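The lines below spell out each chain.
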There are 2 protein chains.
Amino acid sequence: MEKIRGIVFDLYGTLYDVHSVAGLCDTYHPGRGLEISTLWRQKQLEYTWLRSLMGQYVDFEQATRDALLFTSRYLTLPLDDAARMALCDAYLKIKPYPEVPEALDRLQAMHMPLAILSNGSAHSIRSVVTASGLAHRFQHLISADSAQIFKPHHSVYKLAEDQLQQDRSAILFVSSNAWDASGARHFGYPVCWINRAGNPFDELGQSPDHVVAGLDQLVHWFEERIGAG
Amino acid sequence: MEKIRGIVFDLYGTLYDVHSVAGLCDTYHPGRGLEISTLWRQKQLEYTWLRSLMGQYVDFEQATRDALLFTSRYLTLPLDDAARMALCDAYLKIKPYPEVPEALDRLQAMHMPLAILSNGSAHSIRSVVTASGLAHRFQHLISADSAQIFKPHHSVYKLAEDQLQQDRSAILFVSSNAWDASGARHFGYPVCWINRAGNPFDELGQSPDHVVAGLDQLVHWFEERIGAG
């Protein structure tokens, strides 16, 4: 990490908590909110991977709507059109993890170029960072929509290299999703895995270069290097 | 379905029950067998999709071994090398669903060419059909390994069209996996979904042409057509 010249973050599950929507799910089906949001997230991921592999791309909002419809049917927990719209709208305003705002502030103070590379559409990414008041932290908001396929396809990871105009070896990719960290590592980025839950890493032929329990730990590591440098 | 000239079956979860291995899992961790086999299957699927999308293909046995290793770590249920080998070996001898042997017999009696198209390697497919005494039912055993990518990529579905030497519109594709049925439908096969569990179909932009609760129902449908014809 001697020559890191930019940091690219995944958004969903990495900087922002996808289970922010569990509370609203719970208002529709009391006691079942986290169960709904967990299956919804699982199916959302599956649908992005499967549609990419089938060559049947739809944007992230569509995959998210489709996943919620399936979830409601599978769990036999009815959600009418208005409820589904409200829940998908809530996905545009999910919350950052608690340590994230200050950590981004400290990284920006080090003059480190920061970017987001997400499977979300440009509209989704913009909505989430704006609603949380963090839009000004990022020099680039990069959507898989530009490649018309989802991560972990290499053409999505390539978008960030092109936008930052740095070689991939000089860009640190940060994700909490082990499959995403694996894809980025296969592409050639140095990778930091944020493992908040203490899970094992996925067995996809790669290991992360760095593992931290929260974004603050990564910032601390950078600050120590600068202090020592 | 007027002009069906061949039937192509998925193997895992369609003709054969992947949870056949739950019993052996249970001998290693009593009471946890089904939990292990369920997560193992989920991760096995994810790893085939993710590696395909990353362009990092490994064969099905490797993905299966990797998925079991992750499962054991995630559930903190230790499995030593010998246990993991025994479990992966059990995957080569999984059992057909109860109605399958007779249903295949009746389809063969109608002189309908039958094939398997599976993400399993040629060795895995051969082992499973031989161990269950059903190898003689199939004219073709077709492995995704020939395409070096997994379903639902279209190049895997193409393998069956090429082998059967029939136009895709004349080949009935049968799967219990909704994502697989969706992929085959996008490719252009007429599709029968075997929905043993009474689940909703996945929201991937397609619907199956036929839905049955077991393979015997599909056979019955064919026999009625012949009787009426």
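You'll find the structure just up there.
Residues numbered from 1 in each chain as written. Chains lettered and ligands numbered in written order. Predicted model: local features only at pLDDT ≥ 70, side-chain atom pairs only at ≥ 80, totals over all residues. Heavy atoms only, no water.

## Let's talk about the relation of the copies chain A and chain B
When chain A is fitted to chain B, the best match, at an RMSD of 0.0 Å, comes from turning it 180 degrees and sliding it 0.0 Å along the axis. The superposition of one copy onto the other is thereby described by a two-fold rotation axis. Mapped onto chain B, 100% of the interface residues of chain A again fall at the interface, so both copies present the same surface. (Least-squares fit on C-alpha atoms with pLDDT ≥ 70 in both. Contact = heavy atoms within 4.5 Å.)

## Overview of the nonpolar core
Ranked by internal contacts, the top residues of the largest apolar core, which has 164 residues, are A:Ile7, A:Phe9, B:Ile7 and B:Phe9. Sequence-distant contacts of B:Phe9, that is, excluding residues within four places in its chain, are made with B:Leu15, B:Leu104, B:Leu107, B:Leu114, B:Ala115, B:Ile116, B:Leu117, B:Phe138, B:Val174 and B:Leu215. (Core = buried A, V, L, I, M, F, W, Y, C linked by side-chain atoms within 4.5 Å. Buried < 20%, exposed > 50% of the residue type's maximum accessible area, 1.4 Å probe, protein only.)

## Digging into the environment of B:Ser124
All names here are of chain B. Within the element layout of this structure, Ser-124 appears in helix H6 (residues 122–131). The sequence separation of Ser-124 and Pro-30 amounts to 94 residues, and the corresponding C-alpha distance is 27 Å. In contact with Ser-124, other than residues within four places in its own chain, are Tyr-12, Glu-61 and Leu-92. Engagement of the side chain of Ser-124 in a polar contact is seen with the side chain of Glu-61, the distance being 2.9 Å. (Helix = DSSP H or I, 4+ residues; strand = E, 2+ residues; numbered from the N terminus. Polar contact = N/O pair within 3.5 Å; in protein donor to acceptor, adjacent residues only side chain to side chain.)

## Quick notes on the interface of chain A and chain B
With 33 residues of chain A at the interface, the matching set in chain B holds 33 residues. In total, about 2,900 Å² of surface goes out of reach between chain A and chain B, with carbon and sulfur atoms giving 68% of it. Considering only the side of chain A, the residues that lose the most area to chain B are A:Leu53, A:Met54 and A:Glu203, jointly responsible for 27% of the buried surface there. The tally of links between chain A and chain B comes to four salt bridges. A:Lys43 is the partner of B:Asp202 in a salt bridge, and the nearest nitrogen-oxygen pair spans 3.0 Å. Of all the secondary-structure elements, those providing two or more residues to the side of chain A that touches chain B are helix H2 (33–54), helix H3 (60–74) and helix H8 (178–187) of chain A. No other element matches H2(A), which puts ten residues into the side of chain A that touches chain B. Residue composition of the side of chain A that touches chain B, by class: 15 nonpolar, ten polar and eight charged. (Buried area = accessible area lost by both parts, 1.4 Å probe. Salt bridge = Lys/Arg side-chain N within 4 Å of Asp/Glu carboxyl O. Nonpolar A, V, L, I, M, F, W, Y, C, P; charged D, E, K, R; others polar.)

## Some thoughts on unusual backbone geometry
All names here are of chain A. Between Lys-151 and the following residue, Pro-152, the backbone shows a cis peptide bond with an omega angle of 10 degrees. Note that Pro-152 resides in the loop between strand S5 (140–143) and helix H7 (154–164). Positive phi values are uncommon outside glycine, yet His-111 reaches one of about 60 degrees. Counting through the fold element by element, His-111 comes out in the loop between helix H5 (100–109) and strand S4 (114–118).

## Here's the deal with the side chain of B:His186
Locating B:His186 in the fold gives a position in helix H8 (residues 178–187). Here the side chain of B:His186 touches B:Leu204 through a polar contact of 2.8 Å, landing on its backbone oxygen. Within the structure, B:His186 has its side chain in polar contact with the side chain of B:Gln206 (distance 3.2 Å). Residues in contact with B:His186, not counting those within four places in the same chain, are A:Met54, A:Gln56, B:Leu204, B:Gly205 and B:Gln206.

## Examining the sheet that holds strand S8 (residues 210–212) of chain A
Two pairing modes exist for strands in a sheet, parallel and antiparallel, and in both the strands are linked by backbone hydrogen bonds. Residue and element names in this part refer to chain A. Spatially, the six strands line up as an open sheet ordered S5-S4-S1-S6-S7-S8, and their pairing is parallel. Looking at strand neighbours, the two that pair on one side only are S5 and S8, the edges of this open sheet. With strand direction ignored, the average angle separating the axes of adjacent strands in the sheet is 20 degrees. Alignment of strand S1 (residues 6–9) against strand S6 (residues 171–175), held across four bridges, turns out to be parallel. By the bridge assignment for S6, Phe-9 is matched with Val-174. (Pairing = 2+ DSSP bridges. Axes fitted to C-alpha atoms, helices over the stretch in contact; angles between N-to-C directions.)

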